There are 2 protein chains.
Amino acid sequence: MDEVFKALADASRRSLLDRLHASNGQTLNELCEGLAMTRQAVTKHLAILEAASLVTTFRQGREKLHYLNPVPIHQIGERWIRKFERGRLTALSELKRRLEKRDA
Amino acid sequence: MDEVFKALADASRRSLLDRLHASNGQTLNELCEGLAMTRQAVTKHLAILEAASLVTTFRQGREKLHYLNPVPIHQIGERWIRKFERGRLTALSELKRRLEKRDA
DNA sequence: TTGACATGCAACCATTTGGTTGCCTATCAT
DNA sequence: ATGATAGGCAACCAAATGGTTGCATGTCAA
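Worth saying up front: this structure is predicted, and the values here are computed from it rather than measured. (Residues numbered from 1 in each chain as written. Chains lettered and ligands numbered in written order. Predicted model: local features only at pLDDT ≥ 70, side-chain atom pairs only at ≥ 80, totals over all residues. Heavy atoms only, no water.)

(A) Summary view of the sheet that holds strand β1 (residues 26-27) of chain A. Residues and elements named next belong to chain A. What the three strands build is an open sheet, ordered β1-β3-β2; its pairing is antiparallel. Looking at the sheet topology across the chains shown, the edges are occupied by β1 and β2 (55-60). On the sheet, helix α2 (residues 11-22) packs against β1, β2 and β3 (63-68) and is oriented at approximately 90° with respect to β3. (Pairing = 2+ DSSP bridges. Helix = DSSP H or I, 4+ residues; strand = E, 2+ residues; numbered from the N terminus. Contact = heavy atoms within 4.5 Å. Axes fitted to C-alpha atoms, helices over the stretch in contact; angles between N-to-C directions.)

See the structure below:
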C-alpha cells in the first residue's frame, strides 16, 4: 500500500499512468515521446510503477509493452479514501466536545 | 492536487490523518503521544498536511487544535481514482490492437 | 511573578529521490 | 553480416525529505 502511495506521489508518474490509461500497452519509447525527460528517467519511473503493481510489462521481441493495472488504485479508493468520506463530524461539534472535556 | 498526493505519500502522515479521523481536534502533544518521533518531526508533518489542506488548525490559548479536512481526499477519489475504475480494456484486447497496428 | 507547559524557529544531518551521461546488449531489417 | 533500433545497467549528481538537537516564545496556574 505504501509503495502505491509513493508511486502516485510524483506528477510524472501519474502522467505516465494517464498516458497508459489513454492508450494501454505502449512501449518504452512510445511513452517517452514528447516528454521532457530522458528515456532512462522514464525507465526508472516505470520501474517504480511496476514495483507498486500499477503497471505490468512483458516483452515482445525487442519491445517492452506496458500495461496499466487499475487494481491498486481501486483498492486505495476502497480501503482508504472511503473511510474518510463518511463520519465527518463537523469542526464545531468537535470543538464543543473539546471544551466540555476541558471544563470537566 | 500534487501537494495532496505528496502529503499522502508518507505513512507517518497517513497515520496522523487516521488519528485525527479517530478523534478530531487534537493538540500537537496529543498527536505526538505514543509516536516514535520527536514533536518537531510531527510538527513538520502536520505543516505538510496543512499546506495540502488536509488538516486545518487554529489556536486556542496556548494549544493548537488540529482538524481533519476530508475534502481533498474526497476530490482525489472523485477526480482521479474514478477515472481509472472504468474503461479498463483488457490486456489481451490491447495486445490484439497492437499486433494489428504492427501488421499494418 | 514565576515555573511549568505548549508550541515555534533554525541549523544541521543522512538518506532518498529524480534526473543525468556513457556505455553495453539484444533484436530486427536489409 | 551489419547498421539501426529498443532497451538495460551503472555511476554520478543536486536537491528534496525526514529526522534530529538546541533554544526561544507565549500562555496558563499557583
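After presenting the structure, the write-up continues.
(B) Quick look at the pattern of salt bridges. In this structure the tally under the stated criterion is six salt bridges over all chains. The partner of D2 of chain A in a salt bridge is R14 of chain B, with the nearest N and O atoms 2.9 Å apart. Residue D2 of chain A is found in helix α1 (residues 2-8), and its partner R14 of chain B is found in helix α2 (residues 11-22); the two belong to separate chains. Ionic pairing is found between E78 of chain A and R82 of chain A, a salt bridge with its closest N-O pair at 3.6 Å. A residue pair is termed a helical-turn pair when its members lie 3 or 4 positions apart in one helix, as E78 of chain A and R82 of chain A do in helix α5 (residues 71-85) at four residues. (Salt bridge = Lys/Arg side-chain N within 4 Å of Asp/Glu carboxyl O.)

(C) Up close: the nonpolar core. L17 and L54 of chain A together with L17 and L54 of chain B are the most contacted members of the largest nonpolar core, which totals 44 residues. If near-sequence neighbours (up to four positions away) are discounted, L17 of chain A is found in contact with L8, L49, L54, V55, L68 and I73 of chain A together with W80 and F84 of chain B. (Core = buried A, V, L, I, M, F, W, Y, C linked by side-chain atoms within 4.5 Å. Buried < 20%, exposed > 50% of the residue type's maximum accessible area, 1.4 Å probe, protein only.)

(D) Spotlight on the protein's contact with DNA strand C. For DNA strand C, the set of nearby residues contains 22 residues, the closest of which are T38, K44 and H45 of chain A together with N29 and R39 of chain B. Among the atoms of DNA strand C close to the protein, meaning within 4 Å, 62% are from sugar or phosphate groups. Separating a phosphate oxygen of DNA strand C from a side-chain N or O atom of D10 of chain A is a distance of 3.4 Å. Contact distances for DNA strand C include 3.3 Å between a phosphate oxygen and a backbone N or O atom of L28 of chain B. In terms of residue count, the dominant contributor to the surface near DNA strand C is helix α4 (residues 39-51) of chain A (five residues). Of the residues in the surface near DNA strand C, the class split is four nonpolar, eight polar and 10 charged. (Near = heavy atom within 4 Å. Polar contact = N/O pair within 3.5 Å; in protein donor to acceptor, adjacent residues only side chain to side chain. Nonpolar A, V, L, I, M, F, W, Y, C, P; charged D, E, K, R; others polar.)

(E) Quick look at the protein's contact with DNA strand D. Lining the immediate surroundings of DNA strand D are 21 residues, of which N29 and R62 of chain A together with T38, K44 and H45 of chain B lie closest. At 3.2 Å from a phosphate oxygen of DNA strand D is found a side-chain nitrogen or oxygen belonging to R13 of chain B. Within the side chain of R62 of chain B, an N or O atom sits 3.3 Å from a base oxygen of DNA strand D. Counting residues per element, the ones that place at least two in the surface near DNA strand D are α3 (28-32), α4 and β3 of chain A together with α2 and α4 (39-51) of chain B.

(F) Spatial organisation of the packing of aromatic side chains. Residues and elements named next belong to chain A. Taken as a whole, this structure holds six aromatic pairs over all chains when the rule is applied. Measuring from ring centre to ring centre gives 4.7 Å for W80 and F84, while their planes differ by 45°; the resulting arrangement is tilted. With a gap of four residues between them, W80 and F84 both fall in helix α5, about one helical turn apart. Judged by relative accessible area, which is 2%, F84 ranks as buried. Among the aromatic side chains, those forming a connected cluster through ring pairs are F5, W80 and F84. (Phe/Tyr/Trp six-rings, centres within 6.5 Å; stacked < 30°, edge-to-face > 60°.)

(G) Representation of the pairing of strand β1 (residues 55-60) of chain B within the structure. Of the strand pairs in this sheet, β1 of chain B and strand β2 (residues 63-68) of chain B are connected by six bridges, and their pairing is antiparallel. Each residue of the ladder has a partner; that of T56 of chain B, found in β2 of chain B, is Y67 of chain B.

(H) Representation of the side chain of T57 of chain B within the structure. Relative to the helices and strands, T57 of chain B resides in strand β1. T57 of chain B has contacts with E50, K64, L65 and H66 of chain B, leaving out every residue within four places of it along the chain.

(I) Region of interest: α2 of chain B. Residue and element names in this part refer to chain B. Here α2 is 12 residues long and its end C-alpha atoms lie 16 Å apart, about the 16 Å a rise of 1.5 Å per residue gives. For α2, the set of buried residues is R13, R14, L16, L17 and L20. The buried residues of α2 occupy one face: seen down the axis, they fall within an arc of 155°. The N-terminus of α2 is capped by D10, whose side-chain oxygen sits 2.8 Å from the backbone nitrogen of S12. (Expected span 1.5 Å × (residues − 1). Arc of directions from axis to C-beta.)

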